[in-house]
Amino acid sequence: MNNLIGRLKDWYAGLQPREQRVVAIGAIALGLIILIGGILLPLHSAVSSAVKGTETRREDLAWMRANAPEIRQRGAEIPDDTGEAPVVLVDRVGREAGLASALRGTQPNATGGVRVQLEAAPFDTMVTWLDTLDRRHGLAIESISVDRTPAPGLVNASISFTQPRH
């Protein structure tokens, strides 16, 4: 290593004074480029990102504090995970809602959801049952077809539910 430095010094000493100034100015310029481009700019970028991230977190925290009551209230609306297969869940909740006599078919569909057939179901009971499946168990309606029957208040329905969201 000392040999290399010695040879570099000898080479520099052999240059004319004008060439020595050009090499010195070039070395200083190269050093500044390395300092600015290799150290200061990346450091500035990292500090700016950290400051921006901190500001974003502070804004998020302020929003969460301002909306904490609503967030707590909505936490109770998270669907229950009963561990039951969706087809079993739909059938059980339908029977509990009083739709046992109207349930004509409950089967899984290709998307992981459930398809249900109801005949002569009380409309109000069906709407309450649909709301319970959505809010408490995370089964939203993917498609629904409802037809009235000759009897007042009773409907026939074909309903497809999405896969449960938990």
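All residue numbers refer to positions counted from 1 along the written sequence of the respective chain. Side-chain atom pairs in this predicted model are given and counted only at pLDDT of 80 or more, local residue features only at pLDDT of at least 70, and totals for whole chains, interfaces and linings cover all residues. Excluding hydrogens and water, the side-chain values take into account all heavy atoms of the structure.

## Re the nonpolar core
For step 1, the next point in the chain: If you look at the biggest cluster of nonpolar residues, it comprises 19 residues, and the most contacted ones within it are V90, V116, L118, M126, W129, I159 and F161.
For step 2, the next point in the chain: A helix here means a DSSP run of H or I that spans at least four residues, while a strand means a run of E at least two residues long, and both kinds are numbered starting from the N terminus. Of all elements in the fold, only α4 (86-96), β2 (114-122), α5 (123-137) and β4 (154-161) reach the threshold of two or more residues within this core.
For step 3, the next point in the chain: Should any heavy atoms of two residues lie within 4.5 Å, those residues are considered in contact. Each residue touching F161, except ones within four places of it in the same chain, is listed here: V90, N109, G113, V114, V116, W129, L130, L133, L139, A140, I141 and E142. Buried residues of nine kinds, namely Ala, Val, Leu, Ile, Met, Phe, Trp, Tyr and Cys, make up a nonpolar core once their side-chain atoms join them within 4.5 Å. Buried means the residue's accessible area, taken with a 1.4 Å probe over protein chains only, is under 20% of the maximum for its type, while exposed means over 50%, and partly exposed covers the values in between.

## Examining the pairing of β2
For step 1, the next point in the chain: Criterion used throughout: strands pair if DSSP finds at least two bridges between them. Relative to β2, strand β1 (residues 103-108) runs antiparallel, the two sharing five bridges. Counterpart to P108 in the pairing with β2 is V114.
For step 2, the next point in the chain: Linking β1 to β2, which pair antiparallel, is a turn of five residues; within it G112 sits at a positive phi near 95°.
For step 3, the next point in the chain: Here β2 runs beside β4; their pairing, made up of seven bridges, is antiparallel. When the bridges of β4 are listed, R115 appears paired with S160.

## Points about unusual backbone geometry
For step 1, the next point in the chain: With a phi angle near 50°, A120 is a residue other than glycine that sits in the positive phi range.
For step 2, the next point in the chain: Following the sequence through the fold, A120 ends up in strand β2.

## So, the pairing of β4
For step 1, the next point in the chain: Taken across its eight residues, β4 has six buried, putting it largely inside the fold.
For step 2, the next point in the chain: Between strand β3 (residues 141-148) and β4, which pair antiparallel one after the other, the connecting turn spans five residues, and G153 there sits at a positive phi close to 85°.

## Observations regarding the packing of helix α1 (residues 2-13) against helix α2 (residues 17-66)
For step 1, the next point in the chain: To get an axis, a line is fitted to the C-alpha atoms, and for a helix only the part in contact is used. The angle between two axes follows their N-to-C directions and goes from 0 to 180 degrees. Between α1 and α2, the least distance of the axes is 9 Å, while the angle of their chain directions is 130°. In terms of orientation, α1 lies oblique with respect to α2. In this structure, α1 contributes W11, Y12 and A13 to the contact, and α2 contributes Q20, V23 and A24. To sort the angles, those under 35 degrees are grouped as roughly parallel, those over 145 as roughly antiparallel, those from 65 to 115 as roughly perpendicular, and the leftovers as oblique.

## Observations concerning α5
For step 1, the next point in the chain: The span one expects for a helix is its residue count, reduced by one, times 1.5 Å. Taking 1.5 Å as the rise per residue, α5 with 15 residues should run 21 Å; its terminal C-alpha atoms sit 20 Å apart, in good agreement.
For step 2, the next point in the chain: Inspection of α5 places M126, W129, L130, L133 and H137 among the buried residues, and these make up the whole buried set. Down the axis, α5 shows its buried residues gathered within 100° of arc, on one side only. Exposed residues lying more than 90 degrees from the buried face of α5 are D124, T128 and R135.
For step 3, the next point in the chain: Where the residues of α5 are buried, they touch α4, β2, β3 and β4. Read the arc as the range of directions from the helix axis to the C-beta atoms.

## Description of the pattern of salt bridges
For step 1, the next point in the chain: By convention in these notes, a salt bridge is any Lys or Arg side-chain nitrogen within 4 Å of a carboxyl oxygen on Asp or Glu. Using the criterion set out here, one finds five salt bridges in the structure.
For step 2, the next point in the chain: In this structure, R104 engages E119 in a salt bridge whose closest nitrogen and oxygen atoms are separated by 3.5 Å. In this pair, R104 is assigned in strand β1 and E119 in strand β2, connecting sequence segments 15 residues apart.
For step 3, the next point in the chain: For E119, a relative accessible area of 43% puts it in the partly exposed group.
For step 4, the next point in the chain: Salt bridges linked by common partners bring E84, R92 and E96 together as one network.

## Re α2
For step 1, the next point in the chain: Its 50 residues give α2 an end-to-end C-alpha distance of 71 Å, which sits within 8% of 74 Å, the value for a rise of 1.5 Å per residue.
For step 2, the next point in the chain: In the structure, α2 departs most strongly from a straight axis at L40, where the bend amounts to approximately 30° and where the proline P42 lies between one and four residues downstream. At any given residue, the bend is defined as the angle formed between two axes, one fitted to the seven residues that end at that position and one fitted to the seven that begin there.

## Thoughts on the packing of α4 against α5
For step 1, the next point in the chain: One can describe the packing of α4 onto α5 by two numbers: an axis separation of 10 Å at closest approach and a directional angle of 130°. Here α4 is positioned oblique relative to α5, judged by the angle of their axes. Crossing hand, α4 versus α5: right-handed. Counted together, L89, V90, R92, V93 and G94 of α4 and W129, T132, L133 and H137 of α5 form the full contact between these two elements.
For step 2, the next point in the chain: Each residue belonging to the contact of α4 with α5 can be placed in one class, and the counts come to five nonpolar, three polar and one charged. We call a crossing left-handed when the near helix sits turned anticlockwise from the far one by less than a right angle, and right-handed when that turn is clockwise. Polarity classes work like this: nonpolar for Ala, Val, Leu, Ile, Met, Phe, Trp, Tyr, Cys and Pro, charged for Asp, Glu, Lys and Arg, and polar for all others, with Gly in that last group.

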